[in-house]
Structures are given as structure tokens and as C-alpha cells.
Amino acid sequence: MEIFIDGRKVEAAPGTRLIDAAADAGIAIPSLCHHRELNPTANCRLCMVEVEGWRTEMAACALQVTEGMRVRTETPRIAEARRAALELVLARYHDPQWGKPDRVESEFEYWCRRYDVTVPGSVKSPGPLPADADRHPFIRVDLNRCILCTRCVRACAELQGRHVWGIAARGERSHVVAGMEQTMLEARCESCGACMAFCPTGALENRAAAEAGIPERRVTTVCPYCGVGCSYDLAVRGEKVVAVLSNPYAPVNGMHLCVKGRFGAGFLHHADRLQRPRIRRWLLEGGTRRPDEPRGDWVDTDWATALGIVVEQLEGMRKASGPDAIGVLASAKCTNEENYLLQKLARQVIGTHNVDHCARLCHASTVAGLALALGSGAMSNTLRDVAEQAAAVFVIGSNTTEQHPVFGAMLRRAVTQRGAKLVIADPRAIDLAELATLHLRHRPGTDVALVNGLLHLIFKNGWEDAAFIAARTEGVEALKALVAQYPPSLVAQITGLEEEDLEAAARLLAQSKPMAVVWAMGITQHTTGVANVLALANLQLALGNFGVPGSGVNPLRGQNNVQGACDMGALSNVFPAYQAVGDAAVRGKFAAAWGTAGFGEKPGLTVTEMIGAAGKRALRGLYIVGENPVLTDPDLNHVRQALGAAEFVVLQEILPSATAEFADVLLPGAAWAEKDGTFTNTERRIQRVRQAVEPPGEAREDWAIVADIAERLLLAQNRAPIGPHAGWRYDSPTQILEEIAALAPSYGGVSVHRLESGEALHWPVPTADHAGTPILHRERFTRGKGAFHAVEHRQPAELPDAAYPLLLTTGRVLYHWHGGEMTRRSPGLLALAPESEVEINPADARRIGLNGATHLRLLSRRGELRARAWVTERVPEGIVFGNFHFPAEGNVNNLTVLALDPVAKIPEYKVCAVRAEPLP
């Protein structure tokens, strides 16, 4: 509709608040309490405007536009009223730093200056309250600067769903408090910083940003942590990122971020950053190293020497033992462009399909299972449509608020603000369970039995979507026959659940339309990982929950670009865009494009297979980029033994990770803020990553290092491949993306130009005029009809017994990520979670005689873990939980078992047998 603001014609959508319509048109209406992501309160009265035909001024933040509305935002009377309002607020405001030139100006200071409000001397005096009593590691709290706008209260409640902040007392005594006059952390603050980001005065202030002063520039990029794909601005001063700032136009997250995204960039300028290539002395001396010999000292060197040794070693091994004597581990932390080049290096230059990455350890079973059922192994819907439109959400095997915090907060809002039903299936009482309509605490490793039991009840009661099944699926009769063998009595026996809870869950999920299923590694990291995924696909096919907002199958990817690394073909069985290496036509296509004679038809080795083969020296050379198997692979004693015996290991990294101890060459790469390119998030959204600062020292962007190695290897091979995409002379990642678009059909229409113009591109984007595909499987499945698979419950590889009576399951905690190399180098994050922790039930703590001891030891048949004990009913009796964020004896992967899913080859991290002992 058309409205007129200060005589200017403006278009606005019905229901838009006037203040937001004006802002979209570049017209700023003052406000201190309003923000477009929060519900309006109209309590600051700065946004009053005159509307033609109305007798009184109106608050623009609470006024919705109407057709033909004529508004005046700035008249002498309005300006005088605003000055009066600001003066009233200043009466209770104290800030000794007011107006200092080296400080970032707050919104409040800006509007005071804009309206020439006279600042009384008392404003600059110290206030009556302690200026930094909370001592939060990231957020400086000075309530002398609070003006009771309540943005912090609303941001915490409406965005994070945590309700840390509130208003205490009445009248002149009113003030903002955390919890019951507690510190923020005591009030269950998750340190997301939303309150701080929305504060207009600096009463809640980013410590790092305040200390750094006014940034010289802001660079928009994408977070390097989980797969949600939040974007934000990096505040840069000199060649240093001094703070992360919310960007209200971030497409996935808006102003919202989690603690790691907002405060976890400290590793970027850490003293440990690798800045020069390093090689072991034995390589410089031209010798050899036996499997039982130590690697010896590091020697700093130049790039030419380091890359010369890498090429000499790898090419010598390739000539002597064949291309399959070399393996490449790509990285979910690197860009799409870099992962594309890594698999191209493996296949075109070295000649092997031995290329893989950490998706093998987290979502390989998702890719395999969904490809079988639907033809596409990716998330079917978007995060926002699940959170905003699902009538019910079934979260199974995902501790969403800690692993994917921004999406976890979206799910909280779905429940608390619009009444969505939440069913949680998780052995632990995770945070989301507090809001769940039903919490199914089934035994780890019994997911197939649980879902088959739900399907049994759905078919028995006629709750399935018969029309959808008939029109769009195949194989339902075999599934019906199978799940008929899973009555509630048997499923209750297997899972430990009550029969009435199974009945209630089946009814709720079946009768809520649309319903979305969400999962993470609690489903995938099992020897039955593919079967678990197939069972969940069966559930959604039976209920017809595909092709519409708020539905679908929604695996949450654990790393920032694990989806993109898979898309780029950094997997042992597929070329880019999941084109199978076993397909002769696909092999011919890439052979012609890259100018090679051809490729083998058999898939290469996976991550875990490469590590084992390297230990036996069947795999002679291993090139690892941005991965840390010494902390993240299962059975770490096996990993250490294998890499210790490995003949030649090249590690390309930004920090000296635990794996660096086992490397022979260390190449310094660039962190995410030091490079350009693209990431693809868990919902298949392709987004630009932009360089904010230069890499430190002599560190280089990873794509440039890979291209350099490739050119040197081709020269050593005396090869000059001829083909449209055979070369390795790239000026920038933009050229690499163009090559990806030419060879990967799902990225065919993706370009830097389209991404820079702000288009939201979810693959598949087959052509330059295609708008992308936010929701998959609308009219048909990628494979045609969706396929039901009759999958049986199978026991985990290892269960508790008399010697090891406890069942161990593993995962992440809120304040750390992956192997912790980045988060443990961010001081505030380490302060909030300083050591490894094991959750143990009070009954088990009593049984082992913990008796107040603060630490315990867990032992399995493979190793031991020493950690702080958290005695809690978050875990049921008989189950303990640990994380893998800490090195050496603090890592839970010392205990995990190297048992693999037979299809996806993913390890069973989520179930193994342990015993516990108190430590003095």
C-alpha cells in the first residue's frame, strides 16, 4: 500500500509498523524502546508523529500503516516534545564517560546530540550503583546508564527465551534486575549477548568492543561455528577484529547470536596462531623415519622449501605405490571453494578417491539414509519455516539449545509464543525438555525401536496420510508388516519407556499438521545410524509431512560448512553435487572437464579407514586440512598409535592442534575472517564469507595453498592437463565458484554477483534465473517416489556388563565447539567452561562412592577419561555423559568405540560401556 511520510510517497506491506516502514525508506524516526525484532511497548515516547486527520500524536512504533496515511515525523512541536522526553530520561542517567571522543556513541547519546539536549553536570557523575558488579566475562553491566527502555528484558524473553532480565520495584525505584537480584550467570544466562546488542545506552556493553574504541570498518561475514549459518559484522580496527556486532539484516538470525558466535572470535589473534611453515628436522636432513621413531624437532622454513618437500614426498609415494597410497582429509571449517579444490587435487592430480572429511563422523548416515529414502541427503526445509510454521516439532538426538543455540532459541519461541507442540526424544533431560509436551527418555541405541513403535500405533489407529502414501511413496506394505511386530509392550521393553507415553507421542505427532522432525548426532552416530535416519524418513512419509513449510526431515549440521564440504564432493564416493563415482557417465564428465584419462569406479577410503591404513603404512601419505582426528575420532589411543606410526603427514591448520604432534609438515592457513568464499549452512543456504583482515605472518588462504601444491605436483608429473576446467591458476575464489557452477548442477545458478545482491539461494539452484529451493520435495521427491524401508532394531556394538556397568554417551556443551582448539583459545569461553565435565546420576555417584569428590575417572576397554563430576538428574541412572572439547586425558574419545555403521562407515560415538571411579 502507499503512504506518505513527510510528503514522500512510500510503499509498505499491510501490517507494517510505521516506524519500520519509514526505516525501510531511509527515514529515521527516533526511538529508544523500539526495535523491529521486538514487540512494541511505546514507553519512551520519542517516536511520536503527527498523522493527518488525527487529533493527537501517535507512537510510530505501535501504529500500523493504512492506505493513504499521511505522516509528519518532524515538526517544531514534535521536536520540542522529544527534547523534553530526553531531558526526563537524563534525570536518572549517570555516565562519567559521556561524550568522550574515543568511545562508540550509543543510540541514546546520538539522539541527545541530534536534539541538542542540554546535558546536566550530574549526567557525567558516577552513579549510585556499582559500575561493574556483575563481572560477567563478556558483558559489562552498569545500571547507572539504564533508562528502563526494557529492550534487554524483551530481547532475552522474546529472542533467547531465557527470561533472565526483569523489572523490580515500582515508580522511581524501578530498576532492571537479573533473576532474583542475582548475577546474570546465576539467573541461567546463556551469554548470548542479545540484551547487550539491543541496549541503546551502554548499560549492557560488550567489554571487548568498549575497550577497543571506535572501529574503522565493519565487514559482514558468516559465523565459523555450527551449521546454523548466522551472519554478523566484524568490527575491525587496524588489522584486528575487535568485536562481533549484530547485523539486523542477517537472513538466518537477524540480531540474534549465540555465545560462541558473538564472543568466540578470540582465537583469531591468539599468540598460538601459525605464521610460518614448519617441517621436521629429519625431512631437512633427507633421512627417513621408522614407525617407532619420534618425529623430532620442528624447524621454521619458507613456503618454497615446505611445499617442495610436500610435493617430493607425495609424488615419490604416488610413483612408487600408486595414487591410492595417498589420502586427503578436507575440512568442514573451510569454504566451498577450498573443499572443491581439495577433492579436485585428490582426483585430478593425485588420481585417488581417498578424500573425505568430518561429515563421515557426524552426518554420513544422514546423507546415505535420506538419499535412499528421498534421493537427497540434505535438510528439506528452512530453519525459519520449521520454527515459525510447524504445529509440532519432534526433536530426537539433538541437544539443540547447546549444539545449535540460535535455532534452539527459535524452537523455544515456537513453543512459548505461538503454542507449537514439542516432543523430545533424548535420554538426557536437555534444556528443551523443560518446554516439551512430552519427553521420551529412551535408552541410547534404541531409536529404531522407538520410531517403529510410533509407526505401529499410527498405522493401527489409521492416523497415516493414506492419500499422500498412495500418490507419492512406494514400499509401504513391507513397512506395515515390519512395524506390526513392534507393539507398545515390546517397544517399552526395549526402550525403557511407558506404553502410555508412546501412545501419546504417536497421537500428538500424527494429529499435528505440519510436523517437522529435527535430529543431530544423537541419531547419526550409531552403528545403526542409517537405519535410524531411514526410520525417521518412514515416519514423515507415513504422515505426509513433506513439501510444505513447517514439515520435512531436518538434520542439523554440526560444523559451519559441513553441508558445503559434502556438496563439493569432499567424500570418498561422490564428485561435487553427489554425482556418484560409480557412474561411468559422471566419471567421463569430470575426466573431460579436468583433462584426465579417467578415474577408478570404486569409492576411496573414509576418514576412519585412512587413519587405520596410515598406521599400517598401507596409506603412505596423508594430507590433512583443518581437521583434528587426534581429538575427534573414536578410540583416540588407536588414532595416536596409527598417526604415530604414519609415514608422512601434512597438516594445514590455523593453530597447533593436537594433531600437529603427529605431523611432519605444518602449513599455516587462514581463518574464516581472513579469506573470501562461500559457506553452505544446514538448510542449504549458500552465503558469502568476506575477508576482514589479513592472515598473520606468512599464513596463506587455504585455496591458494592447495592450488600451489597442485601446480607443483603436475609439474613434477610433467603433466599439463587440457580441459575447460583443468587448470589451477585462480585469481580469487570467485573463479573457483564459477567452476563449481559449471560442474555441480545443484550450484549451476550460483554466482558471487547474485549472492552480493542479497538473493537467498538454497540449492538446488540449477540456472542463473532460478530462485533457489528453500523447501525440497514439494511436488515429487528427488528420486521420484519416496521409498519406505523396513528397518529392524539392532543392539549397539557394545553394551554395559559387570566389568563396565555404565553406558556412556557423548556430545557438546554450550561454551565449546568440536575439538575446542578455537573455543579454548577464547578466554571468556574457557572461563565459563574451564575443564572437561562428566554428568552422572546421583544414584550412580553414590554407588561408586563419589562422596563429595569433585572429579572422577571413567574407564572403558580402550582408555580412560579424567573430568570434573557433575552430579545431576539430567542423565538417568546407569548413563553418563561426556564431551570431546578438551585434550589428552580430558577427552571422552579416549573411551569411545571404533565400531562403524556398515553403510555410512560412521562410528558409534553415542554408546559404549564404561565404569566410573572417584578421584581424590
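Remember, predicted model here, so these are calculated numbers, not experimental data. (Residues numbered from 1 in each chain as written. Predicted model: local features only at pLDDT ≥ 70, side-chain atom pairs only at ≥ 80, totals over all residues. Heavy atoms only, no water.)

Draft legend 1. Representation of the overall build of the protein within the structure. Along the protein, the regular secondary structure elements total 32 helices and 39 strands. The principal-axis extent of the C-alpha atoms belonging to the protein is close to 85 × 70 × 65 Å. Out of the 920 residues belonging to the protein, those deemed buried represent 64%. Nonlocal contacts in the protein, meaning residues at least 24 apart in sequence, comprise 73% of its contacts between residues at least 6 apart. For the protein, the exposed surface amounts to about 32,600 Å²; the carbon and sulfur share of it is 52%. Distance between charge centroids for the protein: 1 Å, based on 97 positive and 103 negative side chains. (Helix = DSSP H or I, 4+ residues; strand = E, 2+ residues; numbered from the N terminus. Buried < 20%, exposed > 50% of the residue type's maximum accessible area, 1.4 Å probe, protein only. Contact = heavy atoms within 4.5 Å. Areas by Shrake-Rupley, 256 points an atom, 1.4 Å probe, with all protein chains shown as cover. Lys, Arg positive; Asp, Glu negative; His and termini not counted. Charge placed at Lys NZ, Arg CZ, Asp CG, Glu CD.)

Draft legend 2. Quick peek at the layout of surface pockets. Its boundaries defined by the atoms lining it, the largest pocket holds a volume of some 1,500 Å³. Along its surface, the largest pocket is lined by 47 residues, and Glu-107, Arg-151, Ala-197, Arg-218 and Met-255 are the ones closest to its centre. Looking at the lining of the largest pocket, the elements with two or more residues in it are helix 1 (18–24), helix 3 (107–114), helix 5 (194–198), strand 9 (204–206), helix 6 (207–212) and strand 12 (240–245). Split into classes, the residues belonging to the lining of the largest pocket amount to 27 nonpolar, nine polar and 11 charged. Here the second largest pocket defines a volume of roughly 840 Å³. (1 Å grid on protein atoms, 1.4 Å probe; cavity = no way out; pocket = protein on both sides within 12 Å on 5 of 7 lines; lining within 4 Å. Points joined across faces, edges and corners; volume = space filled by probe spheres on them. Nonpolar A, V, L, I, M, F, W, Y, C, P; charged D, E, K, R; others polar.)

Draft legend 3. View of the packing of aromatic side chains. For the coordinates displayed, the defined rule picks out 19 aromatic pairs. Both rings, one in Phe-575 and one in Trp-594, keep their centres 6.2 Å apart while their planes meet at 55 degrees; by these two values the pair is tilted. You can see Phe-575 sitting in strand 23 (residues 574–575) and its partner Trp-594 sitting in helix 24 (residues 584–594), a full 19 residues away along the chain. Taken individually, Phe-575 and Trp-594 each receive the classification buried, so the pair is uniform in this respect. Centroid distance Phe-590 to Trp-594: 5.0 Å. Interplanar angle 55 degrees. Geometry classified as tilted. Placement of both Phe-590 and Trp-594 in helix 24 is noted, with a separation of four residues, approximately one turn of the helix. Take Phe-590 and Trp-594: they sit in the same class, and that class is buried. Through pairs of rings, three or more aromatic residues link up here, namely Tyr-340, Phe-575, Phe-590, Trp-594 and Phe-599. (Phe/Tyr/Trp six-rings, centres within 6.5 Å; stacked < 30°, edge-to-face > 60°.)

Draft legend 4. Representation of the pattern of salt bridges in the model. Under the definition given, this model contains 66 salt bridges. The partner of Glu-474 in a salt bridge is Arg-783, and the shortest N-O contact between them spans 3.0 Å. Of the two residues, Glu-474 is situated in strand 20 (residues 473–474) and Arg-783 in the loop between strand 30 (761–762) and strand 31 (786–787); the sequence distance between them amounts to 309 residues. Judged by its relative accessible area of 35%, Arg-783 falls in the partly exposed class. (Salt bridge = Lys/Arg side-chain N within 4 Å of Asp/Glu carboxyl O.)

Draft legend 5. Just empty space enclosed by the protein, in detail. For the structure shown, the criterion picks out 10 cavities of 30 Å³ or more. Computed from the structure, the largest cavity encloses a volume of approximately 240 Å³. Per-element accounting of the lining of the largest cavity gives the leading share, three residues, to strand 32 (residues 806–811). Split by residue class, the lining of the largest cavity holds three nonpolar, 11 polar and five charged.

Draft legend 6. Just the sheet that holds strand 19 (residues 438–440), in detail. The strand order across the open sheet built from five strands is 19-18-17-21-22, with neighbouring strands paired in parallel fashion. Here the strands that pair on one side only, and so sit at the sheet edges, are strand 19 and strand 22 (553–555). Looking at each pair of strands side by side, their axes are set apart by 15 degrees on average, direction ignored. Bridge count for strand 18 (residues 421–425) against strand 19 is three bridges, and the pairing is parallel. Directly across from Ala-425, in strand 19, lies its bridge partner Leu-440. Packed on one face of the sheet, helix 20 (residues 499–511) meets strand 17 (392–396), strand 18, strand 19 and strand 21 (515–519) and runs near 125 degrees to strand 19. (Pairing = 2+ DSSP bridges. Axes fitted to C-alpha atoms, helices over the stretch in contact; angles between N-to-C directions.)

Draft legend 7. Structural context of the pairing of strand 12. In terms of strand pairing, strand 11 (residues 231–237) meets strand 12 through five bridges, oriented antiparallel. Looking at strand 12, one finds that Arg-237 is bridged to Lys-240. From the end of strand 11 to the start of strand 12, which pair antiparallel, there are two residues, and Gly-238 there has a positive phi angle of about 65 degrees.

Draft legend 8. Quick peek at the packing of helix 9 (residues 303–321) against helix 28 (residues 702–716). Where helix 9 contacts helix 28, the two axes come as close as 10 Å, and the packing angle between them is 55 degrees. As the angle between them shows, helix 9 and helix 28 are arranged oblique. Pair helix 9 / helix 28 crosses with right-handed handedness. Contacts between helix 9 and helix 28 involve Trp-303, Ala-304, Leu-307, Gly-308, Val-310, Val-311, Leu-314, Glu-315 and Lys-319 on the former and, on the latter, Ile-705, Asp-708, Ile-709, Arg-712, Leu-713 and Ala-716. Counted by class, the contact of helix 9 with helix 28 contains 10 nonpolar, one polar and four charged residues. (Parallel < 35°, antiparallel > 145°, perpendicular 65-115°, else oblique. Left-handed = near helix turned anticlockwise from the far one by under 90°.)

Draft legend 9. Examining the sheet that holds strand 29 (residues 685–689) more closely. Spatial strand order, 28-29-30: three strands in an open sheet with antiparallel pairing. Every other strand in the sheet has two partners, leaving strand 28 (677–680) and strand 30 as the edge strands with one partner each. As defined by bridge partners, strand 28 adjoins strand 29 across four bridges and the pair is classed as antiparallel. Within strand 29, the position partnered with Thr-680 by the bridge is Ile-686. Across the sheet, helix 10 (residues 336–350) lies against strand 28 and strand 29, angled at about 90 degrees from strand 28, the strand it touches most.

Draft legend 10. Broad picture of the side chain of Thr-221. Here Thr-221 shows up in strand 10 (residues 217–222). Within the structure, the side chain of Thr-221 is placed 3.2 Å from the backbone nitrogen of Arg-690, a separation counted as a polar contact. When residues no more than four places from it in sequence are discounted, the contact partners of Thr-221 are Cys-230, Ser-231, Tyr-232, Leu-234, Trp-672, Arg-688, Val-689 and Arg-690. (Polar contact = N/O pair within 3.5 Å; in protein donor to acceptor, adjacent residues only side chain to side chain.)

Draft legend 11. Inspection of the nonpolar core at higher detail. The biggest cluster of nonpolar side chains holds 66 residues, and the ones touching the most others in it are Leu-345, Tyr-623, Val-665, Leu-667, Ile-709 and Trp-728. Element by element, the count of residues in this core is highest for helix 28, at nine residues. Once you skip the residues sitting within four places of it in the chain, Leu-667 turns out to touch Pro-277, Trp-303, Ala-306, Leu-307, Val-650, Leu-651, Gln-652, Glu-653, Ile-705 and Ile-709. Counting residues in hydrophobic clusters, the runner-up holds 60 residues, among them Val-448, Phe-459, Val-491 and Val-517. (Core = buried A, V, L, I, M, F, W, Y, C linked by side-chain atoms within 4.5 Å.)

Draft legend 12. Inspection of unusual backbone geometry at higher detail. With an omega dihedral of -10 degrees, the bond running from Lys-513 to Pro-514 counts as a cis peptide bond. Summarising the element assignment, Pro-514 is placed in the loop between helix 20 and strand 21. Residues Trp-763 and Pro-764 are joined by a peptide bond in cis, for which omega reads 5 degrees. As for its position among the elements, Pro-764 is in the loop between strand 30 and strand 31. Phi at Arg-135 takes a positive value of approximately 60 degrees, unusual for a residue other than glycine.

Draft legend 13. Molecular detail of the packing of helix 10 against helix 28. Packing of helix 10 against helix 28 leaves a shortest axis separation of 9 Å and a crossing angle of 10 degrees. As the angle between them shows, helix 10 and helix 28 are arranged roughly parallel. Along the contact surface, helix 10 presents Glu-338, Leu-341, Leu-342, Leu-345, Val-349 and Ile-350, while helix 28 presents Asp-702, Trp-703, Val-706, Ile-709, Ala-710, Leu-713 and Leu-714. Across the contact of helix 10 with helix 28, the residue classes tally to 11 nonpolar, no polar and two charged.

Draft legend 14. Representation of the side chain of Glu-908 in the model. Secondary-structure assignment places Glu-908 in strand 38 (residues 907–908). This buried residue, Glu-908, is left without a salt bridge; Arg-794 holds the nearest opposite charge, at 7.4 Å. Looking at Glu-908, its side chain comes within polar contact range of the main-chain nitrogen of Ala-797, at 2.9 Å. Beyond its immediate sequence surroundings of up to four residues, Glu-908 is in contact with Gln-525, His-526, Thr-527, Pro-796, Ala-797, Glu-798, Val-897 and Ala-899.

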